Amino acid sequence: MPGLRFDRKSRLLLVEASDGTWQFLNEGQVQNRLMMTELSGVREGGLPSEIDLYIQNIIDKYGVDWHGPMAGYKAGPHTINGKP
């Protein structure tokens, strides 16, 4: 699911919509969307599912500290002062 980010402040996931805007999704909404892909949501033997691991990877690697409109920048992720 491209364009997925984790907002550290709200603890919600952000997804880029087809119109270029960013929308908040809770974990359940992301899980539902990921179930439409080939990722499995089945947990076996107490282990996390493929979807659980995918979401944890987004949280670990694609967290943002701030999001919102900013003059002079197009919509989307940017690195400012070395911070994504």
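That block above? That's the structure.
Residues numbered from 1 in each chain as written. Predicted model: local features only at pLDDT ≥ 70, side-chain atom pairs only at ≥ 80, totals over all residues. Heavy atoms only, no water.

(A) Representation of the environment of glutamate 27. Relative to the assigned elements, glutamate 27 resides in helix H1 (residues 27-35). Along the sequence, glutamate 27 and aspartate 52 sit 25 residues apart, while their C-alpha atoms lie 9.5 Å from each other. Sequence-distant contacts of glutamate 27, defined by excluding residues within four places in its chain, comprise Leu13 and Ile55. (Helix = DSSP H or I, 4+ residues; strand = E, 2+ residues; numbered from the N terminus. Contact = heavy atoms within 4.5 Å.)

(B) Summary view of the packing of H1 against helix H2 (residues 50-61). Packing of H1 against H2 brings their axes to within 10 Å, and their N-to-C directions diverge by 120°. The angle between the axes of H1 and H2 places the two elements in the oblique class. Regarding H1 and H2, the two cross each other, and that crossing is right-handed. Between H1 and H2, the contacting residues are Glu27, Val30, Gln31, Leu34 and Met35 on the first element and Ile51, Asp52, Tyr54 and Ile55 on the second. Class assignment of the residues belonging to the contact of H1 with H2 gives a composition of 6 nonpolar, 1 polar and 2 charged. (Axes fitted to C-alpha atoms, helices over the stretch in contact; angles between N-to-C directions. Parallel < 35°, antiparallel > 145°, perpendicular 65-115°, else oblique. Left-handed = near helix turned anticlockwise from the far one by under 90°. Nonpolar A, V, L, I, M, F, W, Y, C, P; charged D, E, K, R; others polar.)

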